[in-house]
Amino acid sequence: KVKRIGFIGLGNMGLPMAINLFNGFKHEADFIVYDINQKTTSNFLRDHNTDPNNKEKVKAAKSPLEVAQEATVIVTMLPASQHVEGVYFGKDGLLEALGENHIVMDASTIDQSMATRVAKVLHEKGTKAIDAPVSGGTGGAQAGTLTFMVGSRTNADFENAKPYLEKMGKNIVYCGTNGNGQVAKICNNMLLGISMIATSETMNLGVRMGMDPKLLAGILNTSSGRCWSSEVYNPCPGVLENSAATRGYTGGFGIPLMAKDLRLAVNAAVETKSTVLLGALAQQLYNQMAANKNYEHLDFSAAYKWLSENE
Ligand code: NAD
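Scoring rules and cut-offs
All residue numbers refer to positions counted from 1 along the written sequence of the respective chain. Where local features are concerned, this predicted model is filtered to residues with pLDDT of at least 70; where side-chain atom pairs are given and counted, the filter is 80 or more; whole-chain, interface and lining totals use all residues. Axis definition: a line fit to C-alpha positions, over the contact stretch in the case of helices; interaxial angles, taken between N-to-C directions, run 0 to 180 degrees. Only runs of H or I of at least four residues qualify as helices and only runs of E of at least two qualify as strands under DSSP, and these elements are numbered from the N terminus. Left-handed describes a crossing in which the near helix is turned anticlockwise from the far one by less than a right angle; the clockwise case is right-handed. A residue pair is marked as a contact if its C-beta atoms, positioned from the backbone, fall within 7 Å. Following the grouping adopted for this structure description, the nonpolar residues are Ala, Val, Leu, Ile, Met, Phe, Trp, Tyr, Cys and Pro, the charged ones are Asp, Glu, Lys and Arg, and the polar ones are all others, Gly among them. To estimate the expected span of a helix, subtract one from its residue number and multiply by 1.5 Å. The criterion for a residue being near a molecule or strand is simple: its C-beta atom, placed using the backbone, must lie within 6 Å of it. In this document the domain limits rely on a domain assignment from an automatic tool or a database. Exposure in this text rests on C-beta crowding, where 20 or more other C-beta atoms within 10 Å of a residue's own make it buried, 12 or fewer make it exposed, and counts in between make it partly exposed. The C-beta atoms are placed from the backbone. Paired strands, as defined in this entry, are two strands with at least two bridges between them according to DSSP. If the strands point away from the viewer and the path from the first strand over the helix to the second runs clockwise, then the crossover is right-handed.

1. Some thoughts on the packing of helix α11 (residues 255-272) against helix α12 (residues 277-290)
- Where α11 meets α12, the axes come as close as 9 Å, and the angle between the chain directions of the two elements is 150°. Where α11 crosses over α12, the handedness of that crossing is left-handed. Note on element contacts: α12 touches α11 through Gly279, Ala280, Ala282, Gln283, Tyr286, Asn287, Met289 and Ala290, opposite Ile255, Pro256, Met258, Ala259, Leu262, Arg263, Ala265, Val266 and Ala269.
- Split by residue class, the contact of α11 with α12 holds 13 nonpolar, 3 polar and 1 charged.

The following block contains the structure:
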């Protein structure tokens, strides 16, 4: 029986995921959280350490090492490969205290080779290692409806991870061996990166031709141009009430993260000699936006803003 669950990386995705995991297991297990940004961990403590009979119900760790010392089930949700490398293998990292009783799930989007390396090193310690990147955005993270794309050594490891992932997601899909979760995620996000630009170009063209954006979006969404970017995450402000676009492109999925995902896709395409014309073009646009200080902190749907500001 698990005594304490650990969560590392309480960002736009990690925080709502940690809250759902905490709520799902609060009667069975205690919690420990870690983020390099101490403010997020103290906010988590303030909001969730409310049990007067158990002051240690939720703890903030000083390092990933402390998380591994205290918790046997650990989820990590970090920006990119280098952060995962630091948290797992760096000084005071997870690895120093991992052993046979641990199960570790990494939900970050990183390259296949880092996911495979993490799994190999953890398996040598007897630890169960799962790559479980997600799709569904911050809305899906809050609602607990994420899709998890899971890579694991065995089906048994997958089944062990499932009860935890089910508290944060709706579709938990087994993708095959370690690293395969990342393969599915990288492919999905290349398509998403392209479709967000395509939707932005379409909406911008329609608006400049004099069409009401809500009306245009409604038509697209019942026609053959419909896609997730047009329907669930429309990049034109005002089309959807709760979209990143409507709240000034704040929160959501940061442009540097999308640029990173397209870099992962383009690198994978080079390695596998695959042609990704549109993926590479999309990468160029997100790179340009990521290098612009008015855009680097915005949600990736600001591709629409970029186009609408260009004559
Ligand atoms: P984010 O930048 O909002 O959050 C990352 C968190 O990790 C931050 O709180 C940061 O302080 C923390 N962090 C960074 N380095 C750390 C370290 N060394 N130790 C501990 N904590 C550290 O990112 P996010 O939007 O939550 O995305 C996380 C991952 O999920 C990324 O790989 C991203 O590509 C992927 N993802 C994001 C979305 C989305 O819509 N935002 C959707 C699907 C997948």
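2. Examining helix α5 (residues 112-124)
- Helix length check: α5 (13 residues) gives 19 Å between terminal C-alpha atoms against 18 Å at 1.5 Å per residue, within 8%.
- Buried positions along α5 lie against α4 (81-89), β5 (103-106), β6 (128-131), β8 (146-152), α8 (180-208) and α11.
- Among the residues trailing α5, Gly126 stands out with phi positive, at a value near 85°.

3. Some details on the site of the ligand
- In the vicinity of the ligand, 30 residues are found, and the nearest of them are Gly9, Gly11, Asn12, Met13 and Phe253.
- Class assignment of the residues belonging to the shell around the ligand gives a composition of 13 nonpolar, 15 polar and 2 charged.
- Residue-level mapping places the shell around the ligand at the junction of two domains, with at least three residues from each of domain 1 (4-176) and domain 2 (184-309).

4. A look at the pairing of β8
- Among the 7 residues of β8, 6 are classified as buried, and the element is accordingly described as predominantly covered.
- Alignment of β6 against β8, held across 2 bridges, turns out to be antiparallel. What sits directly across from Ile130, in β8, is Ser152.
- Sheet topology note: the strand β7 (residues 134-135)/β8 ladder contains 2 bridges and is antiparallel. Bridged to Ser135 within β8 is Thr147.
- Across 6 bridges, β8 lies against strand β9 (residues 169-176) in parallel orientation. Pairing of Val150 across the sheet is with Tyr174, part of β9.
- For the handedness criterion, the β-α-β arrangement of β8, helix α7 (residues 155-165) and β9 is classed as right-handed.

5. Re the domain arrangement of the protein chain
- Partitioning the protein chain into structural domains gives domain 1 (4-176) and domain 2 (184-309).
- Each of domain 1 and domain 2 has a C-alpha centre, and these two points are 28 Å apart.
- Grouping the amino acids of the side of domain 1 that touches domain 2 by side-chain chemistry returns 5 nonpolar, 6 polar and 1 charged.

6. Comments concerning the packing of α8 against α11
- The N-to-C vectors of α8 and α11 enclose an angle of 115°; their axes lie 9 Å apart at closest approach. α8 and α11 meet at a crossing whose hand is left-handed. When α8 is examined against α11, the residues Ile186, Asn189, Met190 and Gly193 are found in contact with a partner set consisting of Met258, Asp261, Leu262, Leu264, Ala265 and Ala268.
- When the residues that make up the contact of α8 with α11 are grouped by side-chain class, the tally is 7 nonpolar, 2 polar and 1 charged.

7. Examining the environment of Ala269
- Inspection of the secondary structure puts Ala269 in helix α11.
- Remark: the alpha-carbon pair of Ala269 and Ala280, spanning 11 residues in sequence, is separated by 9.5 Å.
- Filtering out sequence-adjacent residues up to four positions away, Ala269 remains in contact with Ser274, Val276 and Gly279.

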